[in-house]
Amino acid sequence: GNTVIVHNGEAERTFFIVGSHEANPRERKLSDKSPIGKALIGKKVGEKVEIETPNGRVFYRIEKIL
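In short, a report on the structure. (Residues numbered from 1 in each chain as written. Predicted model: local features only at pLDDT ≥ 70, side-chain atom pairs only at ≥ 80, totals over all residues. Heavy atoms only, no water.)

### Remarks on the nonpolar core
Judged by nonpolar contacts, Val4, Val6, Phe15, Ile17, Leu30, Ile36, Ala39, Leu40, Val49, Ile51, Tyr60 and Ile62 together constitute the single largest core of twelve residues. Sorting the residues of this core by element identifies β1 (2-7), β2 (12-18), α1 (35-40), β4 (48-53) and β5 (56-65) as the ones contributing at least two each. (Core = buried A, V, L, I, M, F, W, Y, C linked by side-chain atoms within 4.5 Å. Buried < 20%, exposed > 50% of the residue type's maximum accessible area, 1.4 Å probe, protein only. Helix = DSSP H or I, 4+ residues; strand = E, 2+ residues; numbered from the N terminus.)

### Here's the deal with the pattern of salt bridges
For the structure shown, the criterion picks out four salt bridges. As a salt-bridge pair, glutamate 27 and lysine 29 come within 3.3 Å of each other at their nearest N and O atoms. According to the relative accessible area criterion, glutamate 27 is partly exposed, its value standing at 43%. For arginine 61, the salt bridge identified is with glutamate 63, shortest N-O distance 3.2 Å. By relative accessible area, which is 36% here, arginine 61 ends up partly exposed. Each member of the salt-bridge network shares a partner with another, and the members are Glu50, Glu52 and Arg57. (Salt bridge = Lys/Arg side-chain N within 4 Å of Asp/Glu carboxyl O.)

### With respect to the sheet that holds β4
Taken together, five strands build an open sheet; the order of strands is β3-β2-β1-β5-β4 and the sheet is mixed. Here the strands that pair on one side only, and so sit at the sheet edges, are β3 (29-31) and β4. Neighbour-to-neighbour, the strand axes of the sheet open up by a mean angle of 45°, direction not taken into account. Here β1 pairs with β5 via four bridges, running antiparallel. The partner of isoleucine 5 across the bridge, within β5, is lysine 64. (Pairing = 2+ DSSP bridges. Axes fitted to C-alpha atoms, helices over the stretch in contact; angles between N-to-C directions.)

Structural data, given as structure tokens:
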């Protein structure tokens, strides 16, 4: 998995993209099959992503990929 640091215009967030069996949203470990995980895979630093989540649409700019 990868660690992806994003910014939404107000705050920075860190997500850990992992396999389905390791996912734990409370620890920000998101499945590669989740809406956010799928949207971040294959993106590069500096890209902006728009993600439709169960809680509504979110926008992120990718700051770092570790």
